[in-house]
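If you want the building blocks of each chain, they are given just below.
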Amino acid sequence: MTRITDLSLLTGWLPVVLTVLGAVGAVWLLLPRARRYVTTVMPIVVLAAVVLTVALYLFVEEVWRPFPDPIAVSVYALIGVAVAAVLLVVPRILVRRTVWTGVVTVLAAAVVLLAVGVRINLEYASYPTVSAALGIEQVDRIDAAELTGREQVISARPLEPAWHAPGGDTEALLRTDPLELLRSRAYPDSVGAFVVGADDETYRPQVERMYQAAKDAGMDVRLRILPGGHNFALWEFGLRDQLPWPATRLGLTP
C-alpha cells in the first residue's frame, strides 16, 4: 500500500483532486449572494491582482532576472489567481460576519493556494512526491560522498570564466566556444546525451545543431526528442531516462 508521503504530485489522482478542491474554493470566494460584492468588490480585487501580478512580472523579468529563461506566462497567471484569492478573504468574510463564514472562507483560500502550488509544480516538477514537498528524506537515497570511490581522478576547471572574454576579445572567446571547439577538434573518447522538447521552438534547433556537431567531432552521443516544451518536467524525465547510459560508460553503475 502506498504511503501518503509517497503519493505523486505530478501524476495520478492527487493533483486532480487538489485542483478540483481549489476550484470549489474559488467558487466560494467568487459567488456570495451579495450584489455589492459582485459589482464592486470583485472588480476592484481582480484589477488589484492584475496590477500586482504585472508588477511582479516586470520586476522579475526586467529587473531581477534570477533565471536565464523567462518564467512561463501560465505561472504568472496562477500567481495572479493566488493573489486574488488572498485579497478576497476579508471582503468575503464581511458579506456574512459569522464564525462559520470565516472558517470556510479561510479554508477556501487555502485550498486555492494549494491548488495553485500544485499547478505550478506541474510546470517545474520540483517536488515529485508529497515527501519531497514536505522535505522528508527518502530512505533510498544516499549522499554522493558515500559512493564507492574510483582510482581514476578526472581533473577539470570551471568553464564559466573562460566564456567571458576580457576586453571584448572575440578571438579569445571563440577559442573556448563549444561549437567552435567541436568543429576544430575530435573527441573520440567523449560520451553524452542531448534531450529537448518537441515543442521547444527556441532551443530545439540549437540542441540539434550541437548534437550534429558533437557527432561529427567523434563523440558517442545520442539525441532524444521528447513530447513537451522547455520546462523542468521534461528535463527531469530526460535526465532520469538518459543518466543510466553515461553512468555505465563512466563506471559509476554496473
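The rules behind each value
Residues numbered from 1 in each chain as written. Predicted model: local features only at pLDDT ≥ 70, side-chain atom pairs only at ≥ 80, totals over all residues. Heavy atoms only, no water. Helix = DSSP H or I, 4+ residues; strand = E, 2+ residues; numbered from the N terminus. Buried < 20%, exposed > 50% of the residue type's maximum accessible area, 1.4 Å probe, protein only. Contact = heavy atoms within 4.5 Å. Areas by Shrake-Rupley, 256 points an atom, 1.4 Å probe, with all protein chains shown as cover. Patch = residues over 30% accessible without salt bridge, like charges linked within 9 Å, V, L, I, M, F, W, Y side chains within 5 Å. Salt bridge = Lys/Arg side-chain N within 4 Å of Asp/Glu carboxyl O. Axes fitted to C-alpha atoms, helices over the stretch in contact; angles between N-to-C directions. Parallel < 35°, antiparallel > 145°, perpendicular 65-115°, else oblique. Left-handed = near helix turned anticlockwise from the far one by under 90°. Nonpolar A, V, L, I, M, F, W, Y, C, P; charged D, E, K, R; others polar. Arc of directions from axis to C-beta. Pairing = 2+ DSSP bridges. Phe/Tyr/Trp six-rings, centres within 6.5 Å; stacked < 30°, edge-to-face > 60°. Lys NZ or Arg CZ within 6 Å of the ring centre and 35° of its normal.

K.L.:
Just checking my understanding: could you explain the overall build of the chain for this structure?
P.N.:
Helix and strand counts for the chain stand at 10 helices and 2 strands. Counting from the amino terminus, helix and strand elements in the chain follow one another as α-α-α-α-α-α-α-β-α-β-α-α. Within the span of the chain, comprising 254 residues, buried residues form 28% of the whole. Within the chain, residue pairs in contact and separated by at least 24 positions form 70% of the contacts whose partners lie at least 6 positions apart. Total accessible area on the chain stands at roughly 17,600 Å², and carbon and sulfur atoms take up 64% of it.

K.L.:
Explanation requested: a nonpolar patch on the surface in the structure shown.
P.N.:
On the surface, Val46, Val50, Val54, Tyr57 and Leu58 cluster together to form a nonpolar patch covering roughly 410 Å² of accessible area. If you trace the backbone, Val46 turns up in helix H2 (residues 35-64).

K.L.:
I keep staring at the packing of helix H1 (residues 13-30) against helix H4 (residues 99-124) and nothing clicks. Help me out?
P.N.:
Viewed as axis vectors pointing N to C, H1 and H4 meet at an angle of 135°, and their least axial separation amounts to 7 Å. In terms of orientation, H1 lies oblique with respect to H4. For the crossing formed where H1 meets H4, the hand is left-handed. Contacts between H1 and H4 involve Pro15, Leu18, Thr19, Leu21, Gly22, Gly25, Ala26, Trp28 and Leu29 from the first element and Thr101, Val104, Thr105, Ala108, Ala109, Val111, Val112, Leu114, Ala115, Val118 and Arg119 from the second.

K.L.:
Quick question: what am I supposed to make of the pattern of salt bridges here?
P.N.:
Any two side chains of opposite charge can pair if their charged atoms end up close together. The final tally for this structure, using the stated rule, is 5 salt bridges. A salt bridge links Arg3 to Asp6, with the nearest nitrogen and oxygen atoms 2.9 Å apart. With a relative accessible area of 30%, Asp6 lands in the partly exposed category.

K.L.:
Help me understand the packing of H1 against helix H3 (residues 73-95), please; the structure alone is not making it clear to me.
P.N.:
Relative placement of two packed helices is described by the angle separating their axes and the distance separating the axes. One way to put it is that H1 packs onto H3 with a least axis distance of 9 Å and a crossing angle of 45°. Compared by their axis directions, H1 and H3 come out oblique. Judged by the sense of rotation from one axis to the other, the crossing of H1 with H3 is left-handed. Contact residues: Trp28, Leu29 and Leu30 in H1; Ala85, Leu88 and Arg92 in H3. Along the lines of polarity and charge, the residues of the contact of H1 with H3 split into 5 nonpolar, no polar and 1 charged.

K.L.:
Just to check I follow, could you spell out helix H9 (residues 232-242) for this structure?
P.N.:
Within the sequence span of H9, burial applies to Leu234, Gly238 and Gln242. The arc that holds the buried residues of H9, viewed along the axis, is 45°, so those residues lie on one side. Turned more than 90 degrees off the buried face of H9, the exposed positions are Leu239 and Arg240. In this fold, the buried residues of H9 make contact with strand S1 (191-197), strand S2 (220-226) and helix H10 (244-249).

K.L.:
Would you explain the pairing of S1 in this entry?
P.N.:
Side-chain direction in a regular strand flips from residue to residue, so the side chains alternate between the two faces of the sheet. Both S1 and S2 contribute to a ladder of 7 bridges, which runs parallel. Looking across to S2, one finds that Ala193 is bridged to Arg222.

K.L.:
Please clarify how the packing of aromatic side chains should be interpreted in this entry.
P.N.:
Considering all chains together, one arrives at 3 aromatic pairs under this definition. When the ring of Phe194 is compared with that of Tyr211, the centres are 6.0 Å apart and the planes differ by 75°; the resulting orientation is edge-to-face. Placement of the pair is Phe194 in strand S1 and Tyr211 in helix H8 (residues 204-216), with a sequence separation of 17 residues. Residue Phe194 shares its accessibility class with Tyr211, and that shared class is buried. In this structure, Arg92 is placed above the aromatic ring of Trp28, and the distance from its NZ or CZ to the ring centre is 4.1 Å. Here the guanidinium or amino end of Arg222 rests over the ring plane of Trp245, the centre of that ring lying 3.8 Å away.

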